[in-house]
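A structural walkthrough
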Amino acid sequence: MKNFRIYKLLAFLIMLVISACDSDDEVIYVSPSGTDLVQASFTYSISTTDPNVILLNNTTQGSGDFTSEWDFGTGDLVPDEPGLEELRLDGVGSYTIKLYVTNTAGFTEASETVRVDEDGVCPNSVCGGGDPSTLKGSAKNFSVGTIVRDNRLTGMHDEVIRRDFNNITSEYQMKMNVMYPSQGTYDFGPSDAIVDYGVANGIDVHGHALIWHNATPSWVENFAGTDAEFEAMIRDYITTVLERYKGKVRSWDVVNEAIEDGSNALRNSVFRQRMGDDFIEKCYQMARDVDPDVLLFYNDYNMASDSGKRAAMFAIADRLKTLNLIDGIGAQLHISYNGPARGEIQAVVDGTVSRDLLMHFAEIDIRTNPEGNSSVTALSSERALLQKDKYKELAEIYTDIPTANKFAFTVWGLKDNESWLLDFWGVPDFPLLFDDNFNPKPAYEGVIEGFQ
Ligand code: XIL
């Protein structure tokens, strides 16, 4: 592909020279025809008659003339024909399909990774199959995720992650206060380790979270410059991070938890104060501008238990969707064994599916001690089974989502004694799928049963 780039660059430079020398008596610089770049974009679907065939749809929109060429994963360029392109992918493996769109201003590209297993092209690029006694092996065409830290990627953590999960989210090391601790100085040590681990093990990485009021470094809270400089700084940050992980991080939570508790108004964060009420749209646009292929999510909590908050969240999603800036909704599911009710969780799914968005069951943990009883010392077998039922219910609801809207079912932690909830609530609890020694709990079986 390098050759293609060099060829395009040469053509572009020659055009610049021609336009600059096009006058007899004076050399005037003329920007080549004044046109803008046209952003390449495409979608694909799996043929209903042949599971090894995909239909590629060039969805590039742009004024003026442009040409489109495909690279079907071989490195050769094939001109785009009118209508859908049929592409047969026979061998098991992973294919990177690219579309290049060129006009006088230069060229842009879009790419998609398509995975193929013995049954054909895998919907959502997540292949089913595998050991059905594991979480990921029992999930069909969606990912099962967990959180990681850079110092929890070896030993039993590594074993369990690779056995049960095919998606990872950084628990806190891909947030702004860690990646961008002081102005002009990024620290990508931990985030690189996490992303490299995902790439090396064929595990998708979900980026979490670019903008979150709770993980904003103090230099950003107290930013010394003007509002315009603040916005430029945020653009630089989003651009730097997305460029670094382009092609390695499959999806990002761009803005996390923007809705205020109680009022359901926009939280009055430093981002809103400095960039305006449309700061969310601005941040998603910045992300899209860098990487049109990465999946962009809006993520928030209490969406099931609070119908007002749910409506506020869908209003944000609708605005982003109109601008074609959002791919999915992340519903944090920090819930309890006794609520919210199934119907309330289903309402989050229904609103997401009706908007044609991907549904991420994100940040799942299920409290067994919502009463906050500090004298609890162990998980009773009664509560363990009630917790299992709730995990199973979540897994059933997720499994019933239409394939096209599935994304990932992500638990917020591996084993009980590593749950953030212990600190957050300050009382004992047992909210995850594994006990302190990595033994699967009844909850683990509940998830597998729910995935059937
Ligand atoms: C939590 C992490 O688990 C903690 O380790 C960290 O100190 C604070 O953040 N909602 C979110 C997550 O979106 O990022 C939070 O994670 C939990 C609540």
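Look above for the structure.
None of the values given here were measured: they were computed from a predicted structure. (Residues numbered from 1 in each chain as written. Predicted model: local features only at pLDDT ≥ 70, side-chain atom pairs only at ≥ 80, totals over all residues. Heavy atoms only, no water.)

Time to look at the packing of helix α7 (residues 227-244) against helix α9 (residues 279-290). Where α7 contacts α9, the two axes come as close as 9 Å, and the packing angle between them is 40°. By the criterion of interaxial angle, the relationship of α7 to α9 is oblique. Read as a crossing pair, α7 and α9 show a hand that is right-handed. Contacts from E231, I234, R235, I238, T239, L242 and E243 of α7 reach α9 at K282, C283, M286, A287, D289 and V290. (Axes fitted to C-alpha atoms, helices over the stretch in contact; angles between N-to-C directions. Helix = DSSP H or I, 4+ residues; strand = E, 2+ residues; numbered from the N terminus. Parallel < 35°, antiparallel > 145°, perpendicular 65-115°, else oblique. Left-handed = near helix turned anticlockwise from the far one by under 90°. Contact = heavy atoms within 4.5 Å.)

Glancing now at helix α3 (residues 155-164). All of the buried residues in α3 are H157, D158, V160, I161 and D164. Where α3 is buried, its residues contact α2 (135-138), β9 (143-148), β10 (167-170), α5 (189-200) and α14 (442-450). (Buried < 20%, exposed > 50% of the residue type's maximum accessible area, 1.4 Å probe, protein only.)

Right, let's get into the layout of surface pockets. Here the second largest pocket defines a volume of roughly 750 Å³. Taken together, 34 residues line the second largest pocket, and the ones lying closest to its centre are Q332, H334, W420, L421 and F424. Those elements giving two or more residues to the lining of the second largest pocket turn out to be β15 (328-336), β16 (358-367) and α13 (421-425). A per-element tally of the lining of the second largest pocket places β15 first, with five residues. Of the residues in the lining of the second largest pocket, the class split is 13 nonpolar, eleven polar and ten charged. (1 Å grid on protein atoms, 1.4 Å probe; cavity = no way out; pocket = protein on both sides within 12 Å on 5 of 7 lines; lining within 4 Å. Points joined across faces, edges and corners; volume = space filled by probe spheres on them. Nonpolar A, V, L, I, M, F, W, Y, C, P; charged D, E, K, R; others polar.)

The subject of this paragraph is the side chain of S125. Relative to the helices and strands, S125 resides in the loop between β8 (120-121) and α2. Not counting the four nearest positions on each side in its chain, S125 is found in contact with Y44, T113, V114, R115 and R250.

Turning our attention to the packing of aromatic side chains. Evaluated as defined, the whole model comprises 22 aromatic pairs. Between F297 and F407, the aromatic rings sit 4.5 Å apart at their centres with planes inclined by 40°, giving tilted as the arrangement. Linking F297 in strand β14 (residues 295-300) with F407 in strand β17 (residues 406-411), this pair joins segments that are 110 residues apart in sequence. Just as F297 is buried, F407 falls in that class too. The structure contains a cluster of three or more aromatic residues connected by ring pairs, namely Y180, Y186, F188, W219, F223, F230, Y237, Y245, F271 and F279. In this arrangement the basic side chain of R367 is found over the ring face of W425, its NZ or CZ atom lying 4.2 Å from the centre. We note K415 situated over the ring of F438; from NZ or CZ to the ring centre the distance is 5.0 Å. (Phe/Tyr/Trp six-rings, centres within 6.5 Å; stacked < 30°, edge-to-face > 60°. Lys NZ or Arg CZ within 6 Å of the ring centre and 35° of its normal.)

We now examine the pairing of strand β2 (residues 53-58). Pairing of strand β1 (residues 42-46) with β2 involves five bridges; the strand directions are antiparallel. Of the residues in β2, the one forming a bridge with T43 is N57. Adjacent in sequence and paired antiparallel, β1 and β2 are bridged by six residues. Note: β2 against strand β5 (residues 85-88), four bridges, orientation antiparallel. Residue L55 lies in a different strand from β5, and its bridge partner there is E86. (Pairing = 2+ DSSP bridges.)

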